[in-house]
Amino acid sequence: MRKTVNSPKRTDGEKRMAVLRLELDYELATLYEAMMENDEEKKKECKRKLERLRQELMRLQL
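Residues numbered from 1 in each chain as written. Predicted model: local features only at pLDDT ≥ 70, side-chain atom pairs only at ≥ 80, totals over all residues. Heavy atoms only, no water.

A.B. asks: Explanation requested: the overall build of the protein chain in the structure shown.
C.D. replies: Counting its regular elements, the protein chain contains two helices and zero strands. A buried classification covers 23% of the 62 residues belonging to the protein chain. Accessible area for the protein chain stands at about 5,300 Å²; split by element, carbon and sulfur atoms hold 56% of it. (Helix = DSSP H or I, 4+ residues; strand = E, 2+ residues; numbered from the N terminus. Buried < 20%, exposed > 50% of the residue type's maximum accessible area, 1.4 Å probe, protein only. Areas by Shrake-Rupley, 256 points an atom, 1.4 Å probe, with all protein chains shown as cover.)

A.B. asks: Can you help me understand the environment of Met58 in this one?
C.D. replies: Assignment of secondary structure puts Met58 in helix α2 (residues 40–61). Met58 sits 41 residues away from Met17 along the chain, and the two C-alpha atoms are 9.6 Å apart.

A.B. asks: Teacher, can you tell me more about the nonpolar core here?
C.D. replies: Nonpolar side chains in soluble globular proteins generally cluster together in the buried interior. In terms of nonpolar packing, the biggest core is built from eight residues, these being Met17, Leu20, Leu24, Leu31, Cys46, Leu50, Leu53 and Leu57. If you list the elements that add at least two residues to this core, you get α1 (2–37) and α2. With residues near it in sequence (within four places) discarded, Cys46 still touches Glu27, Thr30 and Leu31. (Core = buried A, V, L, I, M, F, W, Y, C linked by side-chain atoms within 4.5 Å. Contact = heavy atoms within 4.5 Å.)

A.B. asks: How should I be thinking about α2 in this particular structure?
C.D. replies: In an α-helix, one full turn covers 3.6 residues, which means residues spaced three or four apart are oriented alike. In this model α2 runs 31 Å from its N-terminal to its C-terminal C-alpha over 22 residues, within 8% of the 32 Å that 1.5 Å per residue would give. The opening residue of α2, the one whose side-chain oxygen lies 3.4 Å from the backbone nitrogen of Glu41, is Asp39. (Expected span 1.5 Å × (residues − 1). Polar contact = N/O pair within 3.5 Å; in protein donor to acceptor, adjacent residues only side chain to side chain.)

A.B. asks: How should I be thinking about the pattern of salt bridges in this particular structure?
C.D. replies: Any two side chains of opposite charge can pair, so long as their charged atoms come close to each other. Applying the stated rule across the entire model yields seven salt bridges. Here Arg16 ties to Glu23 by a salt bridge, and the two come within 3.3 Å at their closest N and O atoms. Here Glu33 ties to Lys42 by a salt bridge, and the two come within 3.2 Å at their closest N and O atoms. On the basis of relative accessible area, Glu33 is assigned to the partly exposed category, the value being 40%. One connected set of salt bridges, linked through shared partners, spans Arg16, Glu23 and Glu56. (Salt bridge = Lys/Arg side-chain N within 4 Å of Asp/Glu carboxyl O.)

A.B. asks: Could you clarify how one ought to interpret the side chain of Glu56 in this entry?
C.D. replies: By the secondary structure assignment, Glu56 is in helix α2. Beyond its immediate chain neighbours, meaning those up to four positions away, Glu56 contacts Arg16 and Leu20.

Fair warning: the whole summary comes from geometry, so function is off the table for now.
Printed below as a string of structure tokens:
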């Protein structure tokens, strides 16, 4: 019974983790672009987003 009740949570978490990985990849590419352009403001914004995504990913992995 518990496996049946908890299984939807697991699939939702797995789906969110996949989306987070895509978002991380996108933000890393954006950060790289900002670094090539020497855009300090864009770099700071990307780093903030990456930190938020990292924290959410860590919560999901627990």
